Amino acid sequence: MASKLNILFAVSEYDGIVKTGGLADAAGALASVMKEKGHNIRVIMPAYREALEKIETTSIASGAVVMNHNETLWFGLRHGRLNGIDIYFIEYNDFFDREGLYSSNGQGYLDNSRRFAFFCKAALESCRVMAFQPDVIHCHDWPTALLPYYLRVDECQNDFFHNSRSLLTIHNAAYQQHTDVSQLEALGIGWRYFNPACFEDSDQINILKGGIAFADKINTVSPSYARELLTSEGSHGLVDSFRRRAKDLSGILNGCDYQQWNPVTDPMIPANYSSKDLSGKQLCKKALLERMGLPITVDKSVYGLVSRLAEQKGFSYLVPALREFLQQDIHVVLLGSGDADTAAELQRLQSDFPDKCSFYNGFDNALAHQIEAGSDFFLMPSLFEPCGLNQIYSLKYGTLPIVRRVGGLIDTVDDYDASGAKGTGFAFDAPQPDALLVALKQSLDVYHRPDQLHGMRQQAMSCNFDWQTAAVRYCSVYQSMIC
Ligand code: ADP
Ligand code: GLC
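Residues numbered from 1 in each chain as written. Chains lettered and ligands numbered in written order. Predicted model: local features only at pLDDT ≥ 70, side-chain atom pairs only at ≥ 80, totals over all residues. Heavy atoms only, no water.

Caption draft 1: View of the overall build of the protein chain. A tally of helices and strands in the protein chain yields 17 helices and 20 strands. Computed over C-alpha atoms, the radius of gyration of the protein chain comes to 23 Å, within 12% of the 23 Å expected from 2.2 N^0.38 for 483 residues, which places it in the range of a compact globule. Burial status across the protein chain gives 59% buried among its 483 residues. For the protein chain, the exposed surface amounts to about 19,000 Å²; the carbon and sulfur share of it is 48%. (Helix = DSSP H or I, 4+ residues; strand = E, 2+ residues; numbered from the N terminus. Rg over C-alpha atoms; globule rule 2.2 N^0.38 Å. Buried < 20%, exposed > 50% of the residue type's maximum accessible area, 1.4 Å probe, protein only. Areas by Shrake-Rupley, 256 points an atom, 1.4 Å probe, with all protein chains shown as cover.)

Given below as structure tokens:
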């Protein structure tokens, strides 16, 4: 059994280079832990415009992929290093030298399937170019979900990849990438694989579905979400695909990078603090209110949110619930980017409660840290949540999360117990304003009982969801594929 593995991480986001959500955090943290464990890990990703602006790279080689019978595309391979990790970039300007990763101005690029199909093929070709024979190709989400198919079908006769196995980690099964069937050839998918057990989904190609069929193993990012994926209600329409692969599907809880998300050391917050001395948290609260243009009344409780503005995150019922809850003497601080209609609703909330609610529309990592530190409670009422990282960060900052009982939120937050000081947050079931309001009111009651608040904060801050634990589980999945 090989102990040091050659691992290729094929990703579309990577923390410190390009990020739209938790996928970047997870990929960056896991790659670092794998490296620490002594594995030979290489990360490969598209040479997006933003990526090349962020990190210094050099051109090291070129390669070519055949996209269909008569179309060969040449690409450049660039190399950079981040925190000691070797990162390789597939350079093909027509596809990746664009303003956004997947979209511009809220419009998804129409050729996304082809862009990422090309990326998957180029990632495999790059291994050949670099003479890097991976034991494991670790793919993440739909952008790399075609890679297991190309590995299994196109490369099956090829000695180079004879011992390579693929793991597909599903960070979010709602993003599947459907494409018209006329694109089969352009994506290099054989007609025989256009059937309901592989890529076919309501007469369209479903890229994630193909990845589920062809990856050697599949995992998702929490045990509870893994269970949900095996149900009709929780599988985002892919229940048959997941059930077919049930024995190869596992749930591995994400970790938290405590080097970045720790109030004791965080350089982005105005005052550091620990569970032993929470005085810095008050200073963070004051600074947050000031930054967000709210009255600096630190005795009132602050409810924070940091989120992609997407349907998944529960805004449809969060906004009406907040509208009512804002009648109370509280502050609400919101940070988000994404869907324009949701942004407009949050803007309206701010205009209607200018002394209580403040919304920053944009992506701002430092502000995300400041909200984690300066809030008393963190809002995470997701409709579904594969894992969720923000509630894990909140726990470490003593900012009690208010969560819906779904997916990874179940696995990370212990519901408060009215009889004592037990619990690390507040959980509710129905995705309805009323159910959320019950949890919000519970939290406000706790806020006014300082002993109970302190007790819950202590428990929250002592939680540890480290990447080492996750990495051990990933390693055993890797080993199970290559034995
Ligand atoms: P998801 O991946 O579904 O967006 P997670 O909770 O797993 O949810 O991870 C979200 C990550 O993205 C966190 O690191 C969070 O701080 C960050 N994030 C999301 N929206 C913003 C934003 N507008 N500004 C800064 N950081 C954000
Ligand atoms: C996805 C999920 C989120 C998860 C993150 C990292 O974007 O929505 O729940 O924490 O990926 O795995």
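Caption draft 2: Molecular detail of the nonpolar core. Of all hydrophobic cores here, the largest spans 172 residues; its most connected members are Tyr14, Ile17, Phe118, Tyr303, Ile402 and Tyr478. Top element by residues in this core is helix H4 (residues 112–130). It accounts for 10 residues. Residues from two domains meet in this core; each of domain 1 (6–255 + 467–482) and domain 2 (279–461) gives at least three. For Tyr303, the contacting residues outside a window of four places in its chain are Phe325, Ile330, His331, Val332, Val333, Ser375, Phe377, Leu379, Ile402, Leu440, Ser443 and Leu444. (Core = buried A, V, L, I, M, F, W, Y, C linked by side-chain atoms within 4.5 Å. Domains from an automatic or database assignment. Contact = heavy atoms within 4.5 Å.)

Caption draft 3: Region of the structure containing the side chain of Gln176. Inspection of the secondary structure puts Gln176 in the loop between strand E9 (165–170) and strand E10 (178–180). Only 2.9 Å separates the side chain of Gln176 from the backbone oxygen of Ala173, close enough to count as a polar contact. Not counting the four nearest positions on each side in its chain, Gln176 is found in contact with Trp142, Asp201, Asn206, Ile207, Leu208, His236 and Leu238. (Polar contact = N/O pair within 3.5 Å; in protein donor to acceptor, adjacent residues only side chain to side chain.)

Caption draft 4: Here's a closer look at the packing of aromatic side chains. Inspection of every chain in the model, using the stated rule, returns 26 aromatic pairs. Three or more aromatic residues joined by ring pairs form one cluster here, namely Tyr48, Phe75, Tyr92, Phe95, Phe96, Tyr102, Phe116, Phe118 and Trp142. The ring centre of Tyr109 lies 4.8 Å from the NZ or CZ of Arg98, which sits over that ring. The lysine or arginine in question, Lys396, covers the ring of Tyr258, its NZ or CZ lying 4.9 Å from the ring centre. (Phe/Tyr/Trp six-rings, centres within 6.5 Å; stacked < 30°, edge-to-face > 60°. Lys NZ or Arg CZ within 6 Å of the ring centre and 35° of its normal.)

Caption draft 5: Focus on the packing of helix H10 (residues 315–325) against helix H15 (residues 433–447). Orientation of H10 relative to H15, taken along the N-to-C sense of each, is 45°, at an axis distance of 9 Å. Classified by the angle between their axes, H10 and H15 sit oblique to one another. Of the two elements, H10 crosses H15, and the hand of that crossing is right-handed. Taking contact as the criterion, the partners of Tyr317, Leu318, Pro320, Ala321, Glu324 and Phe325 in H10 are, on H15, Pro433, Leu436, Leu437, Leu440, Lys441 and Leu444. Split into classes, the residues belonging to the contact of H10 with H15 amount to 10 nonpolar, no polar and 2 charged. (Axes fitted to C-alpha atoms, helices over the stretch in contact; angles between N-to-C directions. Parallel < 35°, antiparallel > 145°, perpendicular 65-115°, else oblique. Left-handed = near helix turned anticlockwise from the far one by under 90°. Nonpolar A, V, L, I, M, F, W, Y, C, P; charged D, E, K, R; others polar.)

Caption draft 6: Focus on the site of ligand 1. With respect to spatial proximity, 24 residues lie near ligand 1, and among them Gly22, Asp25, Arg308, Lys313 and Gly362 are the closest. Within the side chain of Lys19, an N or O atom sits 2.9 Å from an oxygen atom of ligand 1. Separating an oxygen atom of ligand 1 from a backbone N or O atom of Gly22 is a distance of 2.6 Å. Contact with the protein chains removes 94% of the 560 Å² of surface that ligand 1 exposes when unbound. Broken down by secondary-structure element, the contributors of at least two residues to the shell around ligand 1 are helix H1 (22–36), strand E15 (301–309), strand E16 (330–338), helix H12 (365–374) and helix H13 (390–396). Among the residues forming the shell around ligand 1, the class breakdown is 8 nonpolar, 10 polar and 6 charged. No fewer than three residues from each of domain 1 (6–255 + 467–482) and domain 2 (279–461) sit in the shell around ligand 1. (Near = heavy atom within 4 Å.)

Caption draft 7: Here's a closer look at the site of ligand 2. Around ligand 2, a shell composed of 13 residues is seen, among which His171, Asn254, Glu385, Cys387 and Gly388 lie nearest. Residue Asn254 places a side-chain N or O atom 2.8 Å away from an oxygen atom belonging to ligand 2. Here ligand 2, which alone exposes 310 Å², has 95% of that area covered by the protein. Residues belonging to the shell around ligand 2 are distributed by class as follows: 5 nonpolar, 6 polar and 2 charged. Of the domains in this structure, domain 1 (6–255 + 467–482) and domain 2 (279–461) are the two that each give at least three residues to the shell around ligand 2.

Caption draft 8: The pattern of salt bridges, seen in detail. A full pass over the atoms with the stated rule returns 22 salt bridges. For Asp248, the salt bridge identified is with Arg245, shortest N-O distance 2.9 Å. Residue classification places Arg245 among the buried positions, given a relative accessible area of 12%. Here Lys300 makes a salt bridge to Asp329, at a shortest N to O gap of 3.2 Å. (Salt bridge = Lys/Arg side-chain N within 4 Å of Asp/Glu carboxyl O.)

Caption draft 9: Seen up close, the domain arrangement of the protein chain. When its domains are assigned, the protein chain resolves into domain 1 (6–255 + 467–482) and domain 2 (279–461). Between domain 1 and domain 2, the residue contacts involve 19 residues of the former and 17 residues of the latter. Where domain 1 abuts domain 2, roughly 1,300 Å² becomes buried across the two surfaces, and 60% of that area is made up of carbon and sulfur atoms. There are 0 salt bridges connecting domain 1 and domain 2. At the junction of domain 1 and domain 2, the tally comes to 7 residue pairs in polar contact (both at pLDDT 80 or more). The set of elements that each furnish at least two residues to the side of domain 1 that touches domain 2 consists of H1 and helix H7 (223–229). Ranked by residue count, the leading element in the side of domain 1 that touches domain 2 is H7, at 5 residues. Residue classes in the side of domain 1 that touches domain 2 are distributed as 6 nonpolar, 9 polar and 4 charged. (Buried area = accessible area lost by both parts, 1.4 Å probe.)

Caption draft 10: Inspection of the sheet that holds strand E1 (residues 6–10) at higher detail. With mixed pairing, 9 strands are arranged side by side in an open sheet as E3-E4-E5-E2-E1-E8-E9-E13-E14. Among the strands making up the open sheet, the edge pair consists of strand E3 (58–68) and strand E14 (249–251). Shown here is a sheet whose adjacent strand axes are inclined to one another by a mean of 25°, direction ignored. Sheet topology places strand E13 (residues 217–220) next to E14; 3 bridges connect them, and they run parallel. By the bridge assignment for E14, Thr220 is matched with Gly251. (Pairing = 2+ DSSP bridges.)

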